[in-house]
Amino acid sequence: MNDLLSISTIFSLFLGIGLAAAAGFRIFLPLFVLSLAVKLGGSFINLDESWLWVGSTPALITLGVAMLVEIGAYYIPIIDNMLDTIAVPLAGVAGTIAVGITMPEMNEVATWALAIIAGGGTAAAISGTTAAARAVSTTTTAGAGNFLVNTGETLSSTVLSITAIVLAPLAFIIAVVILYCCYHAFKKIKRKGDELLAREL
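What you see is a predicted model, and the numbers here were worked out from it, not measured in a lab.

Chemist: Tell me about the pattern of salt bridges, residues and numbers included.
Modeler: Opposite charge on two side chains allows them to pair when their charged atoms are near. In total, this model carries 3 salt bridges according to the counting rule given. Of the charged contacts, one joins Arg 26 and Glu 153 as a salt bridge, the two residues approaching to 2.7 Å between their closest N and O atoms. Remark: Glu 153 occurs in helix 7 (residues 146–166) and Arg 26 occurs in the loop between helix 2 (7–23) and helix 3 (28–39); sequence separation between them is 127 residues. Here Arg 26 matches Glu 153 in class, with each residue buried. Close ionic contact of Glu 153 with Arg 134 constitutes a salt bridge, the shortest N to O distance being 3.0 Å. Note that Glu 153 is positioned in helix 7 and Arg 134 in helix 6 (residues 108–141), a separation of 19 residues in sequence. For Arg 134, a relative accessible area of 1% gives the class buried. Overlapping salt bridges, with partners in common, bring together Arg 26, Asp 84, Arg 134 and Glu 153 in one network.

Okay, here's the thing in structure tokens:
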């Protein structure tokens, strides 16, 4: 019980969920920021011992390249929509990892169960909503509005990732607000999509 209520564990949970929310917008960006923070000596970040390699130079370079490729690919018409078909499950995995590796103080079963539910669920929910928003943008603006959607996602992921590292509780609060907005946005997007489909029929 003490493990569950310790300040360190709660802080780690806030950090993980903040990064998971960021992964909902861009998969590799928050992992790159985490890697960079560990590399620069983020002693306040508690990582599971088996994941300390995240702060290594090869990991930083690999995640950096993957991040740049992902960000760039979203600005290529058609490719951005194709990426959305795999983005949701991959975001779920990234969100799970973000929470799982930053909570070394809890026992392994509890950690990964929480990581799947809180981290994976948060990332997948946000990624699913942004994918739906891009689909509506593609349909209504012939893809012209996708630039704004893509840029907004990248900026959101960047801000959330940095906030999670610098001020984890604030990142957690932002993540909760985003999830609340995603819930209502998804309902609106779904309703708009149903209306477009009804018109076509």
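Chemist: Hey, could you go over a nonpolar patch on the surface for me, with residue numbers and the actual values?
Modeler: A surface patch of nonpolar side chains, about 540 Å² in accessible area, is lined by Ile 162, Val 166, Leu 167, Leu 170, Ile 173 and Val 177. Those elements giving two or more residues to the nonpolar patch turn out to be helix 7 and helix 8 (168–200). Tracing the sequence through the fold places Val 177 in helix 8.

Chemist: So what about the layout of surface pockets? Which residues, and what values?
Modeler: Within this model, the largest pocket holds a volume of roughly 220 Å³. Looking at the largest pocket, the residues that line it are Ile 27, Phe 28, Leu 31, Trp 51, Trp 53, Val 54, Leu 63, Leu 90, Val 93, Ala 94, Ile 97 and Ile 101. Element by element, the count of residues in the lining of the largest pocket is highest for helix 5 (residues 79–100), at 4 residues.

Rules used throughout
Residues numbered from 1 in each chain as written. Predicted model: local features only at pLDDT ≥ 70, side-chain atom pairs only at ≥ 80, totals over all residues. Heavy atoms only, no water. Salt bridge = Lys/Arg side-chain N within 4 Å of Asp/Glu carboxyl O. Helix = DSSP H or I, 4+ residues; strand = E, 2+ residues; numbered from the N terminus. Buried < 20%, exposed > 50% of the residue type's maximum accessible area, 1.4 Å probe, protein only. Patch = residues over 30% accessible without salt bridge, like charges linked within 9 Å, V, L, I, M, F, W, Y side chains within 5 Å. Areas by Shrake-Rupley, 256 points an atom, 1.4 Å probe, with all protein chains shown as cover. 1 Å grid on protein atoms, 1.4 Å probe; cavity = no way out; pocket = protein on both sides within 12 Å on 5 of 7 lines; lining within 4 Å. Points joined across faces, edges and corners; volume = space filled by probe spheres on them.

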